[in-house]
Amino acid sequence: MSGAEIRAKFCQFFEQRGHQPLPSASLVPDDPTVLLTIAGMLPFKPIFLGQKERDYPRATTSQKCIRTNDIENVGRTARHHTFFEMLGNFSFGDYFKEQAIAWGWELVTETFGIPADRLIVSVFNEDDDAFKIWNEQIGIPAYRIQRMGEADNFWKSGATGPCGPCSEIYYDFKPEEGDEAIDLEDDVRFIELYNLVFMQYNRDADGNLTPLQNQNIDTGMGLERMAQVLQSVPNNYETDLIFPIIKTAAETAAIDYATSDEKTKTSLKVIGDHVRSVVHMITDGITASNIGRGYVLRRLIRRVVRHGRLVGIDGAFINAVAETAIALSESAYPAVRDRQSFIKAELEREEVQFLKTLDRGEKLLADILAKNPTQISGEDAFTLYDTYGFPLELTQEIAEEQGLTVDADGFEVEMEQQRQRARAAHTTIDLTAQDSLAKLAEAIEATQFLGYTASQASAQLEAILVDGQTVEVAEAGNTVQIVLDQTPFYGESGGQIGDRGYLSTETALIRIDDVKKEGSMFVHFGRIDRGTVTLGETVTAQIDRACRRRAQANHSATHLLQAALKHVVDDSVSQAGSLVDFDRLRFDFNCPRSLTAAEVQQVEDLVNTWIAEAHGAEIAEMAIGAAKAKGATAMFGEKYGDVVRVVDFPGVSMELCGGTHVANTAEIGAFKIVSETGISSGIRRIEAVSGPAVLDYLNVRDRVVKDLCDRFKIKPDEVSDRISSLQDELKTAQKDLAAVKGELAVAKSEALVSQAETVGGFKILVANLGEVDAKSLQGAAERLQQKLGEAAVVLGSVPEPGKVSIVAAFAKSVNGKGLQAGQFVGAIAKICGGGGGGRPNLAQAGGRDADKLPEALDVAIAQLRDSLG
């Protein structure tokens, strides 16, 4: 049975039993407590917590998941992965243990056809109910039902909160070993196929368990594990879900997986697993960076490149392998094919960048070598491994060339600390993380937003917070957070900042500086300027209309900007983030390259054309399916409800958006792009102004141009030429200065020729040239060695405070005496707190302690005399 068939049969089984089939949620969770979607139940967390009303009593999914806490085991064990699919069926206060167990057994034995004598069941050791159901209703012999402890068979969300016992179904690979002394920890013989969580208790701070009012079912079946069993292969990697990717990698390396050694097979498995991960992560909008999810993505890509090198692949190869992963996934997850160009562009950039990193290992290590005269610390070695992707073995090899060692034990300590951090951060879903506002939101009705049509309204004070605590009365001088039953104030969301304005009564005035949304509740942040306000009191809520007009002009301009980018740059351009402020707008978008100056101008001109054409806005609410059918643009990765708000400037732009907008594009007035830059790999950012802010921006630039014209006595259209002329003059002056410095160094060195001493038929010259720069010092050393012939020349200088430069130039005959310039100068530089190296005949090193330079040069001449004498 193929992996696709297993996935389909699972979901169909539960759909036929009244479960709502749902698509996989994004790998980017709507949950601040976790970095990535790590479990099938994560999207249902708000329902399990009672924070969100259920839309259906039962659901079934095949959920994409990413876990990296055991990344070092990927490829080494039969079933560790970073990317996996979790098949699940869920009950929200509907059926419970009896039905979940019966259906689980029916699914595994009848739908998937696994013989009952190949299955073992586990239950929590105190869960007699589950034991009886398995034993008396399903008919499992007692000796094939294993009672397990809390560590294995009791699920909990955290120290407190929802929890409950588990029951698991295991597959037995070696039934011939009999039923005596069954040990489910033996992962060679047994594999866990299906986990049933009975969420029936709430645990308080004292550890006491009380029954939940609504008892829930949360199950998980690893698709890859079931495929291993049904396809009769020795590990998850050789199933049809992963092996085609491995095969493509092996063909690229011109090797055969079946006949490869275990080390090569491990690398191929890592490639197969990680390529699945990165394809789906990029599909869900994650781009490589050095923080957060982007860091996880970058680390996985670099591991793919490294293991490609280990199996003999030279050059770029990921996209060939990624194409196989895309083809395997597109039937279940069509978005991977829809976004294939973006996926491949991101992979290519990262791969090329890392290949350059691997090829210039010595340069990347230069700073670390300079600060570690004898040994590279475990911390530095780990940084090279974890941040730059350098294998420990590569770091050790380069260090050895410089006469250094690597603290391998310290490296292992750092690795273990990272494992601990990863496990703490990624293996537990905290269902209890809530702040005071979140708790308040549970007790208060949703705030009614009036701001689409009203700028002023009467409202009742539903809650007042001072210093994070709810109060009934607040007075002048208090900084407050206020919740109203209804409000004209827009709450920050969708990139648009919250409104400003005032709340007032006959005696009190509250200045509102910001408004944020907490769930369906609008929280007004402000300060009481005068008077006293009381809970339940009626106030007049008045927004700052001027600020609102600026914000809605910038928001509508952002929609026009995205439409223009699609016209001018590429239709695949999509929003990756935005900010709509009162005085500016910022728009981040996916694009693999910088825009040309001509493209930026085209985009700006097109937006201003649409503004001048005075397109009226048509805003309506409709079913999300109808909106998408009309062609409305949705922000990738954003979560929308069943009913959405569509903002349409006919013929120009149509987007799903809950923000405030102009009634006509003419109200924007004007649009000006201020900058276009890259903010991370594959993500560009445009900053712009619109409306009155354009005049402010142009006034500033006008003053600058006038000042330059006055200074240089030129016309505005001559400013650019004048600046270019000044730049040329500066370059010429810098070039002349460098030439003079070089001539000075040569002159100083010429005066030193007579100071060379003869030892064993060789000339030796060691000298300090003062403040000569590194480049000139090298030239002087080469010139002196050539002039002296069979000679060894070592020169030092202090080009700037805290910086030492040392150069060694040796004749070939000196090399014949066992002296290598790279090793020699590297050892000497350690005296000055530095290091370095180079070729046998010419090498340069640096250091930080200028006071030690005379000592270093004394050691140099002594060693040369000893070696050549």
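Residue numbers run consecutively from 1 along every chain, following the written order of its sequence. Reporting of local features is limited, given that this is a predicted model, to residues whose pLDDT is at least 70; pairs of side-chain atoms are given and counted only at 80 or more, and all residues count toward the totals for whole chains, interfaces and linings. With hydrogens and water stripped out, all remaining heavy atoms of the structure feed into the side-chain values.

1. Considering the overall build of the protein
Threshold: Numbering goes from the N terminus for both helices and strands, where a helix is a DSSP run of H or I of at least four residues and a strand is a run of E of at least two. The cut-offs for exposure are 20% and 50% of the maximum accessible area for each residue type, with area from a 1.4 Å probe on protein chains only; residues under the lower value are buried, those over the upper are exposed, and the others partly exposed. Note on contacts: a residue pair qualifies if any of its non-hydrogen atoms lie within 4.5 Å across the two residues.
Of the regular secondary structure elements, the protein holds 26 helices and 35 strands. When its C-alpha atoms are laid out on the principal axes, the protein stretches across 100 × 85 × 50 Å. Every one of the 869 residues in the protein was classed for burial, and the buried ones make up 49%. Sequence-distant contacts, at least 24 apart, represent 67% of the contacts inside the protein between residues at least 6 apart.

2. Some points on helix α7 (residues 243–252)
All of the buried residues in α7 are Ile 245, Ile 246, Thr 248, Ala 249 and Ala 250. On the buried face of α7, the contacting elements are α8 (262–283) and α10 (318–329). Phi for Ala 254, located one or two positions after α7, is positive at around 60°.

3. With respect to the sheet that holds strand β34 (residues 835–838)
Quick note on the threshold: For two strands to pair, DSSP has to find at least two bridges joining them. Working convention: axes come from line fits to C-alpha atoms, limited for helices to the stretch in contact. Angles between N-to-C directions cover 0 to 180 degrees.
Spatially, six strands are ordered β30-β31-β32-β33-β35-β34 in an open sheet, and the strand pairing comes out mixed. Pairing within the sheet leaves two strands with one partner each, and these edge strands are β30 (757–759) and β34. The mean angle between the axes of side-by-side strands here comes to 20°, regardless of whether they run parallel or antiparallel. Pairing of β34 with strand β35 (residues 842–847) involves four bridges; the strand directions are antiparallel. Residue pairing for β35: Gly 838 is matched across the bridge by Ala 843. Each of β31 (762–768), β32 (791–800), β33 (803–810) and β35 is contacted by helix α23 (residues 774–788), which is oriented at about 160° to β32, the strand it contacts most. Of the strands in this sheet, β30, β31, β32 and β33 touch helix α26 (residues 853–868), which is tilted by about 175° from β31.

4. Regarding a negative patch on the surface
The line we're drawing: Any residue with relative accessible area above 30% and no salt bridge may belong to a patch, with like charges joined within 9 Å and the nonpolar Val, Leu, Ile, Met, Phe, Trp and Tyr side chains within 5 Å. Residue burial considers only the protein chains on display, and all accessible areas are found by Shrake-Rupley using a 1.4 Å probe. Salt bridge, as used here, is a side-chain nitrogen of Lys or Arg placed within 4 Å of a carboxyl oxygen of Asp or Glu. Within this scheme the basic residues Lys and Arg register as positive and the acidic residues Asp and Glu register as negative, but His and the chain ends are omitted. Note that the charge is assigned to NZ on lysines, CZ on arginines, CG on aspartates and CD on glutamates.
Among the surface-exposed residues, Asp 152, Asp 183, Glu 185 and Asp 187 lie close enough to one another that they form a single negatively charged patch. Within the fold, Asp 183 resides in the loop between β7 (161–172) and β8 (190–203).

5. Details of the side chain of Thr 219
This is how it is decided: In protein, a polar contact means a hydrogen-donor-capable atom and an acceptor-capable atom, both N or O and within 3.5 Å, with residues adjacent in sequence counting only if both atoms are side-chain atoms; elsewhere, any N or O pair within 3.5 Å suffices.
Relative to the helices and strands, Thr 219 is located in strand β9 (residues 209–222). In this structure the side chain of Thr 219 is engaged in a polar contact, spanning 2.5 Å, whose partner is the side chain of Asn 89. Not counting residues within four places of it along the chain, the set of residues in contact with Thr 219 comprises Leu 87, Gly 88, Asn 89, Phe 90, Tyr 194, Asn 195 and Leu 196.

6. Section: the pattern of salt bridges
On inspection of all chains with the given rule, the structure shows 31 salt bridges. Note that Glu 687 and Arg 584 form a salt bridge whose closest N and O atoms lie 3.5 Å from each other. One end of the pair, Glu 687, is in strand β29 (residues 683–690); the other, Arg 584, is in the loop between β23 (575–580) and β24 (585–590), with 103 residues separating them in the sequence. Residue class for Glu 687 comes out partly exposed when judged on its relative accessible area of 27%.

7. Brief notes about the side chain of Thr 239
For Thr 239, the position within the fold is in the loop between α6 (223–230) and α7. Since its relative accessible area comes to 1%, Thr 239 is described here as buried. Once you skip the residues sitting within four places of it in the chain, Thr 239 turns out to touch Glu 224, Ala 227, Gln 228, Gln 231, Val 233 and Pro 244.

8. Describing the packing of aromatic side chains
The test is simple: Ring pairs shown here join Phe, Tyr and Trp side chains whose ring centres sit within 6.5 Å, with only the six-membered ring taken for Trp; geometry is labelled stacked below 30 degrees between planes, edge-to-face above 60, and tilted in between. A ring is scored as having a charge over it whenever the NZ atom of a lysine or the CZ atom of an arginine sits within 6 Å of its centre and within 35 degrees of its normal.
Applying the stated criterion across every chain yields a total of 20 aromatic pairs. Judged by centre distance (6.2 Å) and plane angle (75°), the ring pair of Phe 10 and Tyr 194 falls under edge-to-face. Of this pair, Phe 10 sits in helix α1 (residues 3–15) while Tyr 194 is found in strand β8, placing the two residues 184 residues apart along the sequence. For Tyr 194, a relative accessible area of 0% translates into the label buried. Among the aromatic residues, those joined into a cluster by ring pairs are Phe 10, Phe 13, Phe 14, Tyr 95, Trp 103 and Tyr 194. We note Arg 147 situated over the ring of Phe 131; from NZ or CZ to the ring centre the distance is 4.5 Å. Here the basic side chain of Lys 265 rests over the ring of Tyr 257, its NZ or CZ set 5.2 Å away from the ring centre.

9. Points about the pairing of β23
For β23, the tally of buried residues reaches five of six residues, placing the bulk of the element in the interior. Pairing analysis gives five bridges linking β23 to β24, with the strands arranged antiparallel. Bridge assignment links Gln 575 to a residue of β24, and that residue is Phe 589. Counting the residues between successive antiparallel strands, the hairpin from β23 to β24 contains four residues.

10. Side note on the environment of Arg 349
With respect to the helices, strands and loops of the structure, Arg 349 is situated in helix α12 (residues 340–359). Relative accessible area serves as the criterion here: at 21%, Arg 349 is assigned to the partly exposed category.

11. Concerning the sheet that holds β29
Taken together, four strands build an open sheet; the order of strands is β23-β24-β29-β28 and the sheet is antiparallel. Edge positions in the open sheet fall to β23 and β28 (671–680), since each of these has one partner strand only. Each strand axis lies, on average, 15° off the axis of its neighbour in the sheet, ignoring direction. The strands that helix α21 (residues 692–712) touches are β28 and β29; relative to β29, the one it contacts most, it runs at about 95°.

12. With respect to unusual backbone geometry
Leaving glycine aside, a negative phi is the common case for residues, and trans is the common case for peptide bonds. Of note in this structure, Ala 254 is not a glycine but carries a positive phi near 60°. Here Ala 254 shows up in the loop between α7 and α8.

13. Some points on the nonpolar core
To be explicit about the condition: Residue types Ala, Val, Leu, Ile, Met, Phe, Trp, Tyr and Cys, when buried and joined through side-chain atoms within 4.5 Å, form a set referred to as a nonpolar core.
In this structure, Trp 134 and Tyr 194 are the most contacted members of the largest nonpolar core, which totals 84 residues. For this core, the element with the highest residue contribution is α8, accounting for eight residues. Discounting chain neighbours no more than four positions away, the residues touching Trp 134 are Ile 101, Trp 105, Val 121, Val 123, Gly 139, Ile 140, Ile 145, Ser 167, Ile 169 and Leu 196. The next biggest cluster of nonpolar side chains, apart from the first, holds 29 residues, and it includes Leu 560, Cys 591, Val 607 and Phe 649.

14. Here we look at the pairing of strand β2 (residues 58–66)
Within β2, nine of the nine residues are buried, leaving the element largely enclosed by the surrounding structure. Where burial is concerned, the two faces of β2 agree: the one with Arg 58, Thr 60, Ser 62, Lys 64 and Ile 66 and the one with Ala 59, Thr 61, Gln 63 and Cys 65 are both buried. Two strands pair when backbone bridges link them, and strand β1 (residues 20–22) and β2 are joined in this way by three bridges, in the parallel orientation. Paired with Leu 22 across the two strands is Thr 61, which belongs to β2. Sheet topology note: the β2/strand β3 (residues 83–92) ladder contains nine bridges and is antiparallel. Looking across to β3, one finds that Ile 66 is bridged to Phe 83.

15. A few points about the environment of Gly 651
As for its placement among the helices and strands, Gly 651 is situated in the loop between β26 (643–649) and β27 (653–656). The exposed category is assigned to Gly 651, whose relative accessible area is 80%. As a C-alpha pair, Gly 651 and His 615 span 36 residues in sequence and 8.6 Å in three-dimensional space.

16. Quick look at the confidence of the model for the protein
Note the cut-off: Confidence scores per residue from the predictor, reported as pLDDT, run from 0 to 100.
Model confidence for the protein is summarised by a mean pLDDT of 88, while 93% of its residues fall at 70 or above. Of the regions scoring below 50 in pLDDT, residues 423–435 engages in 34 contacts with residues more than four places distant in sequence or in other chains.

17. Considerations on the packing of α8 against helix α9 (residues 292–310)
We apply this condition: In this scheme, roughly parallel covers angles under 35 degrees and roughly antiparallel covers those over 145, while 65 to 115 is roughly perpendicular and the rest are oblique. Helix crossings fall into two classes, left-handed where the near helix is turned counterclockwise from the far one by less than a right angle and right-handed where it is turned clockwise. Gly counts as polar in this scheme, as do all residues outside two lists: the nonpolar Ala, Val, Leu, Ile, Met, Phe, Trp, Tyr, Cys and Pro, and the charged Asp, Glu, Lys and Arg.
Direction vectors running N to C along α8 and α9 enclose 150°, while the axes themselves pass 9 Å from each other. For the element pair α8 / α9, the angle class is roughly antiparallel. Relative to α9, α8 is oriented so that their crossing is left-handed. Packed against α8, whose contacting residues are Ser 267, Val 270, Ile 271, His 274, Val 275, Ser 277, Val 278, Met 281 and Ile 282, the element α9 presents Arg 293, Val 296, Leu 297, Leu 300, Ile 301, Arg 303, Val 304, His 307, Gly 308 and Leu 310 at the interface. Tallied by class, the residues present in the contact of α8 with α9 amount to twelve nonpolar, five polar and two charged.

18. Quick word on the state of the cysteines
The cut-off we apply is this: What counts as a disulfide here is a pair of cysteine sulfur atoms lying within 2.5 Å.
Using the criterion set out here, one finds zero disulfides in the structure. The closest cysteine sulfur to the non-disulfide-bonded Cys 11 is located on Cys 65, 13 Å from its own sulfur. What makes Cys 11 buried here is its relative accessible area of 17%. Of all cysteine sulfurs, the one in Cys 166 lies closest to Cys 163, which takes part in no disulfide; the gap is 10 Å. Looking at Cys 163, the relative accessible area reads 1%, which means it is buried.

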